Amino acid sequence: AVVGVERLCRLARIHLDLYNRRDFEKGASLVTEDAKISNVPFGITLNGQSGYKEFGQHWATAFTDSKAEVTNVFATEEWATVEYTARGTHNGPLVTPMNTIPSQAHS
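Now for a description of the structure that goes with this document. (Residues numbered from 1 in each chain as written. Predicted model: local features only at pLDDT ≥ 70, side-chain atom pairs only at ≥ 80, totals over all residues. Heavy atoms only, no water.)

**Thoughts on the overall build of the protein**
Now for step 1: When helices and strands are counted, the protein shows three helices and six strands.
Now for step 2: When its helices and strands are written in sequence order, the protein yields α-α-β-β-α-β-β-β-β.
Now for step 3: By the burial criterion, 30% of the 107 residues in the protein qualify as buried.
Now for step 4: Residue pairs at least 24 apart in sequence account for 47% of intrachain contacts in the protein once pairs closer than 6 positions are excluded.
Now for step 5: When the accessible area of the protein is evaluated, it comes to approximately 7100 Å², of which 54% is carbon and sulfur surface.
Now for step 6: Of note, the protein has its 10 positive side-chain charges centred 4 Å away from the centre of its 12 negative side-chain charges. (Helix = DSSP H or I, 4+ residues; strand = E, 2+ residues; numbered from the N terminus. Buried < 20%, exposed > 50% of the residue type's maximum accessible area, 1.4 Å probe, protein only. Contact = heavy atoms within 4.5 Å. Areas by Shrake-Rupley, 256 points an atom, 1.4 Å probe, with all protein chains shown as cover. Lys, Arg positive; Asp, Glu negative; His and termini not counted. Charge placed at Lys NZ, Arg CZ, Asp CG, Glu CD.)

Structure follows, in structure tokens:
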């Protein structure tokens, strides 16, 4: 379905704002069950609303103070790609396909 460039750009920005607010339920409600969330460096793809929530919670657990800032949004009538910078303190476990990287926080 054709959604529209402006709407997709706005939606992409909304998703990162919802991440910053840790509102994964609201974000999940904005994706369809056939959505694909790709984590290219980890070589994994998560699916649908549950995958959306898992992706956000994964990063929020490892970097509890993380925030994402949109750099660019590229869109056509049917898809959007978001370029963003995320920053945060690695103060929780970061689970990867190979192992879990423990927190870098010092006691």
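Back to the write-up after that little detour.
**Looking at the side chain of His90**
Now for step 1: Mapped onto the elements, His90 comes out in the loop between β4 (80–87) and β5 (94–95).
Now for step 2: You can call His90 buried: its relative accessible area is 14%.
Now for step 3: Side-chain polar atoms of His90 contact the backbone oxygen of Gly92, separated by 3.0 Å. (Polar contact = N/O pair within 3.5 Å; in protein donor to acceptor, adjacent residues only side chain to side chain.)

**Section: the packing of aromatic side chains**
Now for step 1: A full pass over the atoms with the stated rule returns four aromatic pairs.
Now for step 2: Ring geometry for Trp59 against Phe63: centres 6.1 Å apart, planes inclined by 25 degrees, an arrangement best described as stacked.
Now for step 3: Residue Trp59 is classed as partly exposed on the basis of its relative accessible area of 23%.
Now for step 4: Exposure remark for Phe63: the relative accessible area of 19% places this residue in the buried category.
Now for step 5: Through a chain of ring-to-ring contacts, the aromatic side chains of Phe42, Phe55, Trp59 and Phe63 assemble into a single cluster.
Now for step 6: One Lys or Arg, Arg22, reaches over the ring of Tyr19 and ends 4.4 Å from the middle of that ring. (Phe/Tyr/Trp six-rings, centres within 6.5 Å; stacked < 30°, edge-to-face > 60°. Lys NZ or Arg CZ within 6 Å of the ring centre and 35° of its normal.)

**Concerning the nonpolar core**
Now for step 1: The biggest cluster of nonpolar side chains holds six residues, and these are Ala28, Val31, Ala35, Ile37, Leu46 and Tyr52.
Now for step 2: Sequence-distant contacts of Ile37, that is, excluding residues within four places in its chain, are made with Ile44, Thr45, Leu46, Gly48, Gly51, Tyr52 and Phe55. (Core = buried A, V, L, I, M, F, W, Y, C linked by side-chain atoms within 4.5 Å.)

**Observations regarding helix α1 (residues 5–20)**
Now for step 1: Helix length check: α1 (16 residues) gives 23 Å between terminal C-alpha atoms against 22 Å at 1.5 Å per residue, within 8%.
Now for step 2: Turning to α1, its buried residues number three or more, namely Leu8, Ala12, His15, Leu16, Leu18, Tyr19 and Asn20.
Now for step 3: Residues of α1 that are buried sit in contact with α2 (24–29), α3 (48–62), β3 (67–75) and β4. (Expected span 1.5 Å × (residues − 1).)

**Here we look at the pairing of β4**
Now for step 1: Examined bridge by bridge, β3 and β4 share eight bridges and lie antiparallel to one another. Its bridge partner lying in β4, Lys67 is registered against Arg87.
Now for step 2: Hairpin remark: β3 followed by β4, antiparallel, with four residues in the connecting loop. (Pairing = 2+ DSSP bridges.)

**So, the pairing of strand β1 (residues 36–39)**
Now for step 1: Side chains Ile37 and Asn39 project from β1 onto a buried face, and the interleaved Lys36 and Ser38 project onto a face without burial.
Now for step 2: Pairing of β1 with strand β2 (residues 44–47) involves four bridges; the strand directions are antiparallel. In the sheet register, Ile37 faces β2, and the bridge partner there is Leu46.
Now for step 3: The antiparallel pairing of β1 with β2 creates a hairpin that spans four residues between the two strands, and Gly43 there sits at a positive phi of about 70 degrees.

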